[in-house]
Amino acid sequence: MSEIVGTVQGHRDGHGFVQTDDGEVSIYLSPQEMRAVMHRDRIKVRVVRFDRKGRPEGLVLDIVERRKTPIIGRLLNEGGAWLVAPEDRRFGRDILIPAKGTGGAEPGQVVAVELTEAPSLTAQPMGRVTEVLGGIDDPGMEIEIAVRKYEVPHRFNDDVLAQAAKLPEKLRAADKKGRIDLSDVPLVTIDGEDARDFDDAVYCEPAKVGRSKAPNAWRLIVAIADVSHYVKPGDPLDRDAYERATSVYFPRRVIPMLPEKLSNGLCSLNPEVERLSMVCDMLVTHDGEVHAYQFFPAVINSHARFTYTEVAAILGNTRGPEAQKRGELVPHLIHLHEVYRALLKARSSRGAIDFDTTETQIVCDDNGRIAKIVPRVRTEAHRLIEEAMLAANVCSADFIMRAKHPSLYRVHEGPTPEKRTLLKNYLKALGLGLSIGDEPKPGDFQAIAQATKDRPDAVQIHTMLLRSMQQAIYTPANSGHFGLAYEAYTHFTSPIRRYPDLLVHRVIKALLGRDRYGLKLPPVQSSVGRFKTKPKNGAKGLPAAPVKVAARLKLPPEEQAAWETAGIHCSANERRADEASRDVEAWLKCMFMRERLGEEYGGTVSAATSFGLFVQLDGLYVEGLIHITELGGEYYRFDEARQELRGERSGVRYGVGTRVRVQVSRVDLDTRKIDFRMVREPGEARPIGASAGTARKRSRGAEVADWDAEGSAQAALADIKEADREVKRATKGKSTGRGRARDGVADGGGKPAPVRAPKAAGKKAASRKSARSKR
């Protein structure tokens, strides 16, 4: 059998997987094999067998490298023994702490632990406390845990801060050399109310194309902060920026990619101060086509800092009070809106996907806890800036592509064959008369979305369309952007918060100087030679039809490896930032719902799985799970084609979009899980597909299976407030094996066997034990 080196990915259930560096192979490790290794260790394994589905199972041969970063967890004292329960359940086991290694921490506090003895087949890992973060309920603790749990760099190195401190407070004459002065152009920034770093400014005016005597186009200027002027390759600033690769956004806090002096100071396009920028100057026709464009370095002076709300109000009433305050700039905003309408027309003709989805924003109180969760209102101002940024990004990709220079593209590929088949079966099961082909185009998805937007199940259909698509990545191999329907697309507009944008700026600057940018990234120390061909500087026109380009340039191996490494690194760190942000939001929502145990809410099914239903609560925008055992006393079968649960006897169906009423039954802060029980009252509407004669009623006093050890939601709330650890210990070992949608379908493919749901039980302990045994 073959031997493979990879990184261990633990699972909260005790088993794990070995993932190879290229992500192509995943090898299963049994709980027994996981006893001697830990999550994130690098190991060598031998494939010893394959299961009935052809999946490899491995035997651990050697530990190549132990993880060295601290482990975050809660310090506990159980029976006189000190131990730390890791916050990340993928570590699988507690860490023993000697009495002298607690670092002065108190029981229940959150600490960082350094391993002193690795685990083995017969012994638990041991460690010592290196940092005491504080109490579990301290304001901001969820962020402190997340940045360490996901290993997000959150402190700048001393040499980085020293380099930033030496930078000037304002522009010098030497900084302006070789730049076009646009300080008299009324560029403005348009951002959210809470934005602090402004990396893009826009301006628009009517223009002429061809021999027309009247304006028949617009000149759209997008000015982007010139971070590359201050962050040079090989400098400490560049090293830390590459390590982070992106800023991480949490409620009430941002972990920036660059020190504050740059991100909120020198590089931020603050109003009424001179700033360095890279400009994309475009001519856009009435049909929304970019007729010509050019890039150049410039000096700008933002004439105003607008918010989305303010611009939306001005565009909605150009004679209103908001417009009167900004009288001189209102005509330019109107022109921006006109060019946006033209770009929107081109977006529609391209067939780009544009779903209306609801995004939410967490509003916190002074203690860092959720005060409310509100939907983000996407106005014409949001879309205006979005289209302007898309146009600049497309021009940057085209400019680099024409020069045949390596760079990082933002690639979004179409659905995989598996997801394509699942979507086709789903659409067929609905009987819509609409489907996608073997090589679908973005316009196919948009056509389905438009045709179904007025249906009662439109949310369900659009959700399935979105889930069928792949995630976008950074890669030097350009294969286009499926969702936006672009042949080539890159990120140019946010170099303050994204490292790929900084690389694109460096490439464009090199091309403008008739040079080549040689990428050097640690640990790749390549010496990249110059290309012989020289691009022509100046304006370039975009072709009417997209240009077909080779997916990969022929580069020296060292240079190719450097760009591929940068793409993998930036993509991985983007995922890490998203996971950390979601973890913090899940924590806050759990804290929010802990105070609402036992309360009832209306909600909508957001996902159906073989083990239950995920429901989003009305008004609160919080999601939780109704386990399949809470749906009533009959068999439910998961219909993968229709993405719904169906009762075999009653015919009741639960799918995405089904309206339900639920009670909050359990909140587990450690696992970030919220559980609901179904509530049905006399006269309440039945789920879609259930008749009044067949739908079964369920009393409000129905048992919460084994989740509520005291038989009362209110008692559970009191227990959590008085002794959170006692509740955890009391419920330890009573897991029902519930999965989560993001962990995949528990049955593992094929047609799952029906699951038996027990009837409502009484409150006696014997009844609870009987209910568990039926699972």
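Our structure is the block above this text.
Residues numbered from 1 in each chain as written. Predicted model: local features only at pLDDT ≥ 70, side-chain atom pairs only at ≥ 80, totals over all residues. Heavy atoms only, no water.

A.B. asks: Help me understand the packing of helix 3 (residues 158-166) against helix 4 (residues 236-244) in this model?
C.D. replies: Pairs of packed helices are described in terms of their axes, by the angle between the two and the distance that separates them. Interhelical geometry of helix 3 versus helix 4 gives an angle of 125° and a closest axis separation of 8 Å. In terms of orientation, helix 3 and helix 4 fall into the oblique class. Judged by the twist between their axes, the crossing of helix 3 over helix 4 is left-handed. Side by side, helix 3 and helix 4 meet where Asp 159, Val 160 and Gln 163 of the first sit next to Pro 236, Leu 237, Arg 239 and Asp 240 of the second. Split into classes, the residues belonging to the contact of helix 3 with helix 4 amount to 3 nonpolar, 1 polar and 3 charged. (Axes fitted to C-alpha atoms, helices over the stretch in contact; angles between N-to-C directions. Helix = DSSP H or I, 4+ residues; strand = E, 2+ residues; numbered from the N terminus. Parallel < 35°, antiparallel > 145°, perpendicular 65-115°, else oblique. Left-handed = near helix turned anticlockwise from the far one by under 90°. Contact = heavy atoms within 4.5 Å. Nonpolar A, V, L, I, M, F, W, Y, C, P; charged D, E, K, R; others polar.)

A.B. asks: Looking at this structure, I do not really get the packing of helix 11 (residues 442-452) against helix 12 (residues 458-467). What am I missing?
C.D. replies: Their axes nearest at 9 Å, the elements helix 11 and helix 12 cross at an angle of 170°. Taken together, the axis directions place helix 11 and helix 12 in an arrangement best described as roughly antiparallel. Across from Phe 445, Ile 448, Ala 449 and Thr 452 in helix 11, the residues of helix 12 making contact are Ala 458, Ile 461, His 462 and Leu 465. Residues that form the contact of helix 11 with helix 12 fall into these classes: 6 nonpolar, 2 polar and no charged.

A.B. asks: I tried to follow the sheet that holds strand 24 (residues 600-609) on my own but got confused; where do I start?
C.D. replies: Each strand in a sheet pairs with its neighbour through backbone hydrogen bonds, running either in the same direction (parallel) or in the opposite one (antiparallel). Read once around its circumference, the closed barrel built from 5 strands follows the order 24-25-26-31-30, with strand pairing classed as mixed. The mean inter-strand angle of the sheet, taken between neighbouring strand axes irrespective of direction, is 50°. The sheet contact formed by strand 24 and strand 30 (residues 659-668) spans 5 bridges and is antiparallel. Looking at the pairing, Gly 603 lines up with Val 660 of strand 30. Where helix 14 (residues 557-594) meets the sheet, its contacts fall on strand 24, strand 25 (612-617), strand 30 and strand 31 (673-678), and the angle it forms with strand 30 comes to roughly 100°. (Pairing = 2+ DSSP bridges.)

A.B. asks: Hey, could you run me through the nonpolar core in this one?
C.D. replies: Note that soluble globular proteins tend to have their nonpolar side chains buried in a common cluster. In this structure, Ile 190, Leu 220 and Met 282 are the most contacted members of the largest nonpolar core, which totals 99 residues. Among the elements that line this core, the one with the most residues is helix 9 (residues 380-402), at 12 residues. Beyond its immediate stretch of four places on either side in the chain, Met 282 contacts Trp 218, Arg 219, Leu 220, Val 222, Val 290, Ala 292, Tyr 293, Ala 388, Ala 391, Ala 392 and Cys 395. If you look at the next biggest cluster of nonpolar residues, it comprises 53 residues, including Ala 112, Met 141, Ile 370 and Cys 590. (Core = buried A, V, L, I, M, F, W, Y, C linked by side-chain atoms within 4.5 Å. Buried < 20%, exposed > 50% of the residue type's maximum accessible area, 1.4 Å probe, protein only.)

A.B. asks: How should I be thinking about helix 10 (residues 417-430) in this particular structure?
C.D. replies: The α-helix advances 3.6 residues per turn, and as a result positions three or four apart in sequence lie on the same side. The first and last C-alpha atoms of helix 10 sit 20 Å apart over 14 residues, in line with the 20 Å expected at 1.5 Å per residue. Those residues of helix 10 that sit buried are Arg 420, Leu 423, Tyr 426 and Leu 427. The arc enclosing the buried residues of helix 10, seen along the axis, measures out at 130°, which places them on a common side. Looking at helix 10, the residues exposed on the side facing more than 90 degrees away from the buried face are Glu 418 and Lys 428. (Expected span 1.5 Å × (residues − 1). Arc of directions from axis to C-beta.)

A.B. asks: Just to check I follow, could you spell out the pairing of strand 5 (residues 56-65) for this structure?
C.D. replies: Every regular strand shows the same layout, with side chains that alternate between the two sheet faces. The pairing of strand 4 (residues 42-50) with strand 5 spans 8 bridges and is antiparallel. Residue Arg 46 lies in a different strand from strand 5, and its bridge partner there is Leu 59. The antiparallel pairing of strand 4 with strand 5 creates a hairpin that spans 5 residues between the two strands, and Gly 54 there sits at a positive phi of about 85°.

A.B. asks: For this particular structure, what's the right way to read the packing of aromatic side chains?
C.D. replies: Aromatic ring pairs are described here by two measures, namely the spacing of the ring centres and the angle between the planes. The tally for this structure, following the rule as stated, stands at 11 aromatic pairs. Each ring, one from Tyr 293 and one from Phe 295, has its centre 5.8 Å from the other, and the planes form 75°; the classification is edge-to-face. On the accessibility criterion, Phe 295 (5% relative accessible area) is buried. Members of the aromatic cluster, joined through ring pairs, are Tyr 293, Phe 295, Phe 399 and Phe 492. Here Arg 244 stacks its cationic end above the ring of Phe 156, 3.7 Å away from the centre of that ring. Over the ring of Phe 592 we find Arg 596, and its NZ or CZ is 3.9 Å from the ring centre. (Phe/Tyr/Trp six-rings, centres within 6.5 Å; stacked < 30°, edge-to-face > 60°. Lys NZ or Arg CZ within 6 Å of the ring centre and 35° of its normal.)

A.B. asks: Help me understand the side chain of Asn 270 in this model?
C.D. replies: Its location among the elements puts Asn 270 in the loop between helix 5 (260-266) and strand 17 (274-285). Polar contacts involving the side chain of Asn 270 include one to the main-chain carbonyl oxygen of Asn 264, which spans 3.4 Å. The residues touching Asn 270, leaving out its near neighbours within four places in the chain, are Phe 198, Asn 264, Gly 265, Arg 275 and Ser 302. (Polar contact = N/O pair within 3.5 Å; in protein donor to acceptor, adjacent residues only side chain to side chain.)

A.B. asks: Where do I start with helix 11 in this structure?
C.D. replies: Buried within helix 11 are the following residues: Pro 442, Phe 445, Gln 446, Ile 448, Ala 449 and Thr 452. Each buried residue of helix 11 sits inside an arc of 160° when the element is viewed along its axis, so together they form one side. Buried residues in helix 11 make contact with helix 10 and helix 12.

A.B. asks: What is the right way to look at the state of the cysteines in this model?
C.D. replies: By definition, a disulfide links the sulfur atoms of two cysteine residues through a covalent bond. Considering all chains together, one arrives at 0 disulfides under this definition. Cysteine Cys 395 is unpaired, with the sulfur of Cys 280 as its nearest cysteine sulfur at 4.2 Å. Given the relative accessible area of 0%, Cys 395 is considered buried. (Disulfide = S-S within 2.5 Å.)

A.B. asks: Hey, could you run me through the environment of Asn 301 in this one?
C.D. replies: With respect to the helices, strands and loops of the structure, Asn 301 is situated in strand 18 (residues 290-301). Engagement of the side chain of Asn 301 in a polar contact is seen with the backbone nitrogen of Val 273, the distance being 3.4 Å.

A.B. asks: It is not clear to me how the pattern of salt bridges should be interpreted in this structure. Could you clarify?
C.D. replies: If the charged atoms of two oppositely charged side chains come close together, the side chains can form a pair. Evaluated as defined, the whole model comprises 46 salt bridges. With a shortest N-O distance of 3.2 Å, Glu 57 and Arg 49 are connected by a salt bridge. (Salt bridge = Lys/Arg side-chain N within 4 Å of Asp/Glu carboxyl O.)

A.B. asks: Help me out: how do you make sense of the pairing of strand 2 (residues 16-19) in this one?
C.D. replies: Across the two faces of strand 2 the burial differs, with Gly 16 and Val 18 buried and Phe 17 and Gln 19 not buried at all. Relative to strand 2, strand 1 (residues 3-10) runs antiparallel, the two sharing 4 bridges. Paired with Val 8 across the strands is Val 18, a residue of strand 2. Taking the residues between adjacent antiparallel strands as the criterion, strand 1 and strand 2 are bridged by 5 residues, where Gly 14 takes a positive phi near 110°. As defined by bridge partners, strand 2 adjoins strand 3 (residues 26-29) across 4 bridges and the pair is classed as antiparallel. For Gly 16, the partnering residue across the bridge sits in strand 3 and is Leu 29.

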